[in-house]
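Analysis of the macromolecular model
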Amino acid sequence: MSSADEFTAIDLKYKESDTHCHQLFAKENASKATCKQKPPGRTLYVLNVPPYATEQALQHAFSSAGEIERVVLQEKPSSKESAPIERMDKDVFCFKVAYVVFAKPGALRKLLKTKSINALHTEEKPLVTGVDKWTRAYQERIPNPAALQQEIDQYMESYDRKIEEQKAAESNNAVDEDGWVTVSKKSSGVFAQTQGVVKRLEKKLYEGQSEKELKNFYTFQIRESKKNDIISLRKKYDRDLKKMEQIKKAKRFKPY
């Protein structure tokens, strides 16, 4: 475990004009075991990093000593100096641990010697904190009406196109009462007669055969019925003739 004497106190300002500063405690991350994320001689182990400090702001601050390869923040120190770096969630608001990897070993030694770094906030690279930070975060959560409307329109267009394709596929595969299917390029070679269609066709075929059998069975009765109808028509014709003769006789002229 590291002792307090091994660390170097480094003053950290939010702005260059600030009269008060925050103190960081840093030392070289010395490890016997090799770790690609913490190359020996180039990795600075930093404690007491304030909650408002970001990786980009720390990279700018430590760049006063030389080129920075990367800065990684952790919620807690690693159990071992050779343990891999674990990135923390950006929404966690607490004091942090930072691993600053320099591009060259000389930059790390220069920093520990000068004990001087840049301020976190500059006009070129501002660091938003406090109420301004929460206000910006709140405003970023509110969607732009124009962009939101465009996204909704694109979604509805894709949804309508999908529904139309689905309806077209269903109409192409629709089966009529006789079991016929409308064939298109997509549905060509597909036989869509399901078990229900086959049963309906068998039922229709059976009813047609039964009706044909009944007609053949009643042929004699139909012939007799027609003969009887002809006889009844002839009798009615004779009755009508007699009735007409009687009417003519009743209307004949009688002078006396």
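Each remark here, short or long, concerns the structure printed above.
What comes next concerns the included structure. These figures come from a predicted structure and were not determined experimentally.

1. What about the pattern of salt bridges?
- As enumerated under the stated definition, the model contains 2 salt bridges in all.
- The shortest N-O distance in the salt bridge between R42 and E69 comes to 3.0 Å. Of the two residues, R42 sits in the loop between β2 (22-28) and β3 (43-49) while E69 sits in strand β4 (residues 68-74), which places them 27 residues apart along the sequence.
- Overall, E69 belongs to the partly exposed group, its relative accessible area being 42%.
- Linking E69 and R70 is a salt bridge whose minimum nitrogen-to-oxygen distance equals 2.9 Å.
- Judged by relative accessible area, R70 falls into the partly exposed class, the value being 23%.
- Because the salt bridges share partners, they merge into one network encompassing R42, E69 and R70.

2. A short note on helix α1 (residues 55-62)
- Among the residues of α1, A57, L58, H60, A61 and F62 are the ones counted as buried.
- Looking at the packing, one finds that the buried side of α1 touches β1 (8-12), β2, β3, β4, β5 (96-102) and α2 (105-114).

3. Some thoughts on the packing of aromatic side chains
- For the structure shown, the criterion picks out 4 aromatic pairs.
- Aromatic side chains F7 and Y45 sit 6.0 Å apart centroid to centroid with 50° between the ring planes, which places their arrangement in the tilted category. Here F7 is found in the segment before β1, whereas its partner Y45 is found in strand β3, with 38 residues between them in sequence. Here F7 and Y45 have matching classes, each one buried.
- Consider the rings of Y155 and Y159, whose centres lie 6.5 Å apart with planes at 15°: the pair is stacked. With Y155 and Y159 both in helix α4 (residues 145-172) and 4 residues apart, the pair spans about one turn of that helix.
- Note on Y155: relative accessible area 53%, which makes it exposed.
- Here the guanidinium or amino end of K27 rests over the ring plane of F7, the centre of that ring lying 5.9 Å away.

4. Overview of the pairing of β2
- The pairing of β1 with β2 spans 5 bridges and is classified as antiparallel. When the bridges of β2 are listed, A9 appears paired with F25.
- As paired elements, β2 and β3 share 4 bridges and run antiparallel to each other. Bridging across to β3, E28 finds its partner in L44.

5. So, unusual backbone geometry
- Even without being a glycine, N48 presents a positive backbone phi close to 65°.
- Among the structural elements, N48 can be located in strand β3.
- Since its relative accessible area comes to 27%, N48 is described here as partly exposed.
- Of note, the phi angle at K115 is positive, near 60°, even though the residue is not glycine.
- Turning to its location among the elements, K115 is positioned in the loop between α2 and α3 (130-141).

6. Quick look at α2
- The complete set of buried residues in α2 reads A107, L108 and L111. Axial view of α2: buried residues confined to an arc of 100°, hence all on one face. Across from the buried face of α2, at angles greater than 90 degrees, the exposed residues are R109 and K113.

Rules and cut-offs
Residues numbered from 1 in each chain as written. Predicted model: local features only at pLDDT ≥ 70, side-chain atom pairs only at ≥ 80, totals over all residues. Heavy atoms only, no water. Salt bridge = Lys/Arg side-chain N within 4 Å of Asp/Glu carboxyl O. Helix = DSSP H or I, 4+ residues; strand = E, 2+ residues; numbered from the N terminus. Buried < 20%, exposed > 50% of the residue type's maximum accessible area, 1.4 Å probe, protein only. Contact = heavy atoms within 4.5 Å. Phe/Tyr/Trp six-rings, centres within 6.5 Å; stacked < 30°, edge-to-face > 60°. Lys NZ or Arg CZ within 6 Å of the ring centre and 35° of its normal. Pairing = 2+ DSSP bridges. Arc of directions from axis to C-beta.

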